[in-house]
Amino acid sequence: MVDMRTFRHEVAGWAAGGPGGPAGELAEVLGVRTAVLVEGVSDLAAVEALAVGRGRDLAAEGVCVMPMGGAMSVGRYAALLGPAGLGLRLIGLCDEREKPFFDRGLDPTWTPRPHIHVCTADLEDELIRALGPARVEQIVEAEDEVRAWRTFVRQPAQHGRPREQQLRRFMGTKKGRKIRYGRVLVEALAPDRAPAPLDDLFAGL
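Anyway, here's the lowdown on the structure attached to this text. (Residues numbered from 1 in each chain as written. Predicted model: local features only at pLDDT ≥ 70, side-chain atom pairs only at ≥ 80, totals over all residues. Heavy atoms only, no water.)

1. Examining the overall build of the protein
Basically, it comes down to this: Per the convention used, a helix needs a DSSP run of H or I reaching at least four residues, while a strand needs a run of E reaching at least two, with both numbered from the N terminus. Per-residue accessibility, obtained with a 1.4 Å probe over protein chains only, is compared with the maximum for each type, and a residue is labelled buried under 20%, exposed over 50%, and partly exposed between these values. Contact definition: two residues touch when any of their heavy atoms are within 4.5 Å. With residues, only the protein chains shown are counted as cover, and all accessible areas are computed by Shrake-Rupley using a 1.4 Å probe.
Secondary structure summary: the protein contains 11 helices and 4 strands in total. Once the C-alpha set of the protein is aligned to its principal axes, its extents read approximately 50 × 35 × 30 Å. For the protein, the proportion of its 205 residues judged to be buried stands at 47%. When contacts within the protein are restricted to residue pairs at least 6 apart in sequence, long-range pairs at least 24 apart make up 72% of them. For the protein, the accessible surface area stands at approximately 10300 Å², while carbon and sulfur atoms represent 50% of it.

The structure is reproduced here in structure tokens:
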């Protein structure tokens, strides 16, 4: 079945040095017009979850959310997908510390001008602050991770740290956990409580 996952796979192969023909053909078949460049799969999970919550079908709108495996790859993906490549409109979503990579990789002279939506610290930090640490702890318990969470906060390195920072660090301590919580934290948001970077991103799509 040809879908956005197939397109993402072909673009990733192209970025790794493979042929670009299949990605170009799929872009035409799928009607891809916009690529949202994100750092990783946890960002993809969050954006897709918010799309579902808002009744948006991004694929039908010609929008592909493209995880790049790290912000250092943004220049390569921008060259392939932007004006010099497939001619897609480019939008960025990144962590504050990674913005310089996006500034260098997304040329502001391109038309339409690429817009970068920046998360303070990172997307997990934005979601934790939007929900509040108490609500996030309830979600951790609902995800059957309360024992792992309690063990984590007893570690000496976590003593005295703000709860928000502890939760954010917890989500990065196990493979796949950031992806999981990227989705479930967004699903727990009230419709009007999406963090500004995500809200602004959707407003511009």
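2. Brief notes about the sheet that holds strand β2 (residues 63-67)
Note the cut-off: Whether two strands pair depends on DSSP finding at least two bridges between them. A fitted line through C-alpha atoms serves as each axis, taken over the contacting stretch for helices, and the angle formed by two N-to-C directions is quoted from 0 to 180°.
Here we have 4 strands laid out as an open sheet, ordered β2-β1-β3-β4, and parallel in their pairing. Pairing within the sheet leaves two strands with one partner each, and these edge strands are β2 and β4 (115-119). Direction aside, the axes of adjacent strands within the sheet are offset by 20° on average. Pairing of strand β1 (residues 34-38) with strand β3 (residues 89-95), which is carried by 5 bridges, proceeds in the parallel orientation. Along β3, the bridge assignment pairs T34 with R89. In the packing of helix α4 (residues 74-81) onto the sheet, the strands contacted are β1, β2 and β3, and the crossing angle to β1 comes to about 175°.

3. Looking at the packing of helix α3 (residues 41-53) against helix α10 (residues 177-188)
Which entries qualify depends on this criterion: For classification purposes, an angle smaller than 35 degrees is called roughly parallel, one larger than 145 roughly antiparallel, one from 65 to 115 roughly perpendicular, and anything else oblique. The crossing is said to be left-handed when, going from far helix to near helix, the turn is anticlockwise and less than a right angle, and right-handed when the turn is clockwise. Three residue categories are used. Nonpolar comprises Ala, Val, Leu, Ile, Met, Phe, Trp, Tyr, Cys and Pro, charged comprises Asp, Glu, Lys and Arg, and polar comprises the others, including Gly.
Here α3 crosses α10 at 20°, and the two axes come no closer than 7 Å. Classified by the angle their axes make, α3 and α10 are roughly parallel. α3 and α10 meet at a crossing whose hand is right-handed. Of the residues in α10, those in contact with V41, S42, A45, A46, A49 and L50 of α3 are K178, I179, G182, R183, V186 and E187. Here the contact of α3 with α10 is built from residues that sort into 7 nonpolar, 2 polar and 3 charged.

4. Some remarks on the pattern of salt bridges
Formally: Salt-bridge detection follows one rule: a side-chain nitrogen of Lys or Arg within 4 Å of a carboxyl oxygen of Asp or Glu.
Under the definition given, this model contains 16 salt bridges. For R168, the salt bridge identified is with D122, shortest N-O distance 2.9 Å. A residue pair is termed long-range when its members are at least 10 positions apart, and R168 in helix α9 (residues 163-171) and D122 in the loop between β4 and α6 (123-131) qualify at 46 residues. The class of R168 is partly exposed, set by a relative accessible area of 29%. The partner of R177 in a salt bridge is E145, and the shortest N-O contact between them spans 2.8 Å. Here R177, found in helix α10, pairs with E145, found in the loop between α7 (133-142) and α8 (146-153); they are 32 residues apart in sequence, far enough to count as distant.

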